[in-house]
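If you want the building blocks of each chain, they are given just below.
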Amino acid sequence: MSLKSILCISVFLLQCFGIAQRLDTERYSLTQCIDIALENNLDLKSTTLNANTARINHRQAKANILPSLNGNYNIGVNNGRSIDPFTNDFINQELTFSNARLNLDATIFNGFRLLNTVRQQRLNRQASEMEIEEAKQTLILNVTLAYLQVLNRTDVLALAKARLIATDKQLKQQEDLYNEEVGNPADYADIKGQKTIDETNILTAESDLNNAKLSLSRLMNTHKNYTVDKASILLDFEEYMLSSDDVFNDAINNLATFKAKELRAEAADKGIRVAKAQYIPEISFFGQVNTNYSSVAETFTEIGSNTVETGDFVTVNNEEISVFTTQTEFRGDKIEYIDQFDNNLNTVVGIAVNIPLFNGFIAKNNVALEKIKAEESLIELERTSLEVKNAIAQVHFDMKAAYNRYQSLLNQVAAFEESYRVNEIRFNNGVSNFIAYITSKNNLDNAETNLTNAKYEYLLRVKVLEFYRGNTL
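Residues numbered from 1 in each chain as written. Predicted model: local features only at pLDDT ≥ 70, side-chain atom pairs only at ≥ 80, totals over all residues. Heavy atoms only, no water.

Student: Explain the confidence of the model for the protein chain here, please?
Tutor: Atom-level detail of predicted coordinates should not be read off regions where pLDDT is low. Residue-level pLDDT values for the protein chain average 86, and 92% of them are 70 or greater. Across the protein chain, helix α3 (residues 42-63) holds the top mean pLDDT of 95, while helix α1 (residues 3-24) sits lowest at 45. In this model, residues 1-14 is a region of pLDDT below 50 whose contacts with residues beyond four sequence positions or in other chains number two contacts. (pLDDT = per-residue confidence, 0-100. Helix = DSSP H or I, 4+ residues; strand = E, 2+ residues; numbered from the N terminus. Contact = heavy atoms within 4.5 Å.)

Student: I tried to follow the packing of helix α7 (residues 256-276) against helix α9 (residues 362-428) on my own but got confused; where do I start?
Tutor: The description of two packed helices rests on the angle between their axes and on the distance between the axes. Relative orientation of the contacting elements α7 and α9 amounts to 170°, with a least axis distance of 8 Å. With respect to α9, the element α7 is oriented roughly antiparallel. Of the residues contributing to the contact of α7 with α9, the split by class is ten nonpolar, six polar and eight charged. (Axes fitted to C-alpha atoms, helices over the stretch in contact; angles between N-to-C directions. Parallel < 35°, antiparallel > 145°, perpendicular 65-115°, else oblique. Nonpolar A, V, L, I, M, F, W, Y, C, P; charged D, E, K, R; others polar.)

Student: Which parts of the structure should I look at to understand the sheet that holds strand β5 (residues 95-109)?
Tutor: Pairing between the strands of a sheet is mediated by backbone hydrogen bonds and can be parallel or antiparallel. Here we have four strands laid out as an open sheet, ordered β2-β5-β7-β10, and antiparallel in their pairing. Unpaired on one side and paired on the other, β2 (68-78) and β10 (346-354) mark the two borders of the sheet. Sheet twist, expressed as the average angle between the axes of neighbouring strands with direction ignored, equals 20°. Relative to strand β7 (residues 282-294), β5 runs antiparallel, the two sharing twelve bridges. Counterpart to leucine 102 in the pairing with β7 is valine 289. (Pairing = 2+ DSSP bridges.)

Student: It is not clear to me how the nonpolar core should be interpreted in this structure. Could you clarify?
Tutor: Considering soluble globular proteins, one finds that nonpolar side chains tend to be buried as a cluster. Within the largest apolar cluster, 52 residues are counted, with the highest numbers of intra-cluster contacts made by Val143, Leu216, Met220, Ile392, Tyr458 and Tyr468. Going through the elements one at a time, α2 (30-40), α4 (113-179), α5 (185-220), β6 (226-228), α6 (244-254), α9 and α10 (434-468) are the ones with two or more residues in this core. The leading source of residues in this core is α4, at 15 residues. Apart from residues no more than four positions distant in its own chain, leucine 216 is found in contact with Cys33, Val143, Ala146, Tyr147, Val150, Tyr226 and Val228. The next biggest cluster of nonpolar side chains, apart from the first, holds 15 residues, and it includes Leu171, Phe434, Tyr437 and Ile438. (Core = buried A, V, L, I, M, F, W, Y, C linked by side-chain atoms within 4.5 Å. Buried < 20%, exposed > 50% of the residue type's maximum accessible area, 1.4 Å probe, protein only.)

Student: Before we go on, may I ask you to explain unusual backbone geometry in this structure?
Tutor: In this structure, phenylalanine 112 takes a positive phi of about 60° despite not being glycine. Among the secondary structure elements, phenylalanine 112 is positioned in the loop between β5 and α4.

Student: Would you mind going over α5 with me for this structure?
Tutor: Residues that lie three or four places apart on an α-helix share one face, since the helix turns once every 3.6 residues. In a regular helix each residue adds 1.5 Å, so 36 residues correspond to 52 Å; α5 covers 53 Å between its end C-alpha atoms and thus fits that length. Just downstream of α5 lies asparagine 221, where phi reads positive at about 55°. (Expected span 1.5 Å × (residues − 1).)

Student: Explanation requested: α10 in the structure shown.
Tutor: With 35 residues, α10 should cover 51 Å at 1.5 Å per step; its first-to-last C-alpha distance of 51 Å lies within 8% of that length. Directly after α10, the chain includes glycine 470, whose backbone phi takes a positive value near 100°.

Student: Even after reading the chapter, I still don't get the pattern of salt bridges, so can you show me in this structure?
Tutor: Oppositely charged side chains can pair when the atoms bearing their charge come close. A full pass over the atoms with the stated rule returns 19 salt bridges. A salt bridge links arginine 264 to glutamate 131; the nearest nitrogen and oxygen atoms lie 3.0 Å apart. Taken as a pair, arginine 264 in helix α7 and glutamate 131 in helix α4 lie far apart in primary sequence, 133 residues in all. Overall, arginine 264 belongs to the partly exposed group, its relative accessible area being 27%. Across the pair arginine 405 and glutamate 457 runs a salt bridge whose closest N-O atoms are separated by 2.5 Å. Taken together, the positions of arginine 405 in helix α9 and glutamate 457 in helix α10 put the pair 52 residues apart, joining distant regions of the chain. (Salt bridge = Lys/Arg side-chain N within 4 Å of Asp/Glu carboxyl O.)

What follows is the structure in structure tokens.
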């Protein structure tokens, strides 16, 4: 096979591979990315499992109010000296025994410990559900920010490629002049150097874009090859008019993290009441049903009588006469298993009072520990409020700065565009040198990149502020 044929086949295979890659690439909108993240994100799944645990704890706390009913049954064989469970007599033989018991226990009063436990677990369940909502809100925000970051890096890469196209155009002109030995030969070498700089910038932009997509993929927990759809997100660049105090007031009312922390504080307060119930006597009702079986148990039935000698004698007229007596004869019959369980049935009912007199200060220390937990939950609520307030103030300041920087960069880009236009004309006509041309070009390139970064930085800050207000999109 000739080298030309091999090259043609290689090019064809590469083209097919490129087409296959494009076919495998999916285009995701922001809504699709959020839906995928809500379904696949591992942190959200873990938070959901914690909430499921809280639901089970709440359900169990309610079930603890109900009476407990337990049965016990055993059967065995005993050899040697033992007590017959049927007659309570000592015997020395092998026997099969069996016992059955049914126990009922019901708490009548225990200082409302069970009721307060139910209320505490209900609040914990509600807090866990709010934490799921908090995790969802945070995840949606992070996906939105990562999505915007991908768009930002995509735009920066597009600018870098556009610069390379402009540089290639200029390089072609300088190459023609160089071949015709017209102008300064150093300009041709300089523009070739500028091309390598532009190519390096493209590689850097591609790396930044890949890192941004990896961050978004981690949030979605997916390894698919995809691109993002810029048309799916509204990039509204109107000035944000709300103050940081306005945002914070909305956050208090709408942000799930505040509601979760408030519910945790209420649950901790119920925990104090649960602990205090250990000081109060507990009254409970109990009942038992018992029965047993023994293999040696018998019933005896009279079947007649018989006269037998007793072995004693009486003397009548100096003659010894044997003494006889009448004995009743019985037939022993084994008592059936079911009959014994029915005959030996007995019941026990009663009321128990457990009075806490001294328990090593366990109750006192448990109350103290629950009070500490309650104080910690209030501190955590206050800390969250302070952190959110400071975060909103910082983001609001950065948002304003990004907006002002964007407005300034608009004027800068316009000025550098005109400068570049003039210097390009002058350079192409040989009036200006390469240094003036490349300086104006780099100024325009940097200004356009900074403008793009400022635009997305502003949009990112606005999204964060809207997240604090309870708006995730």
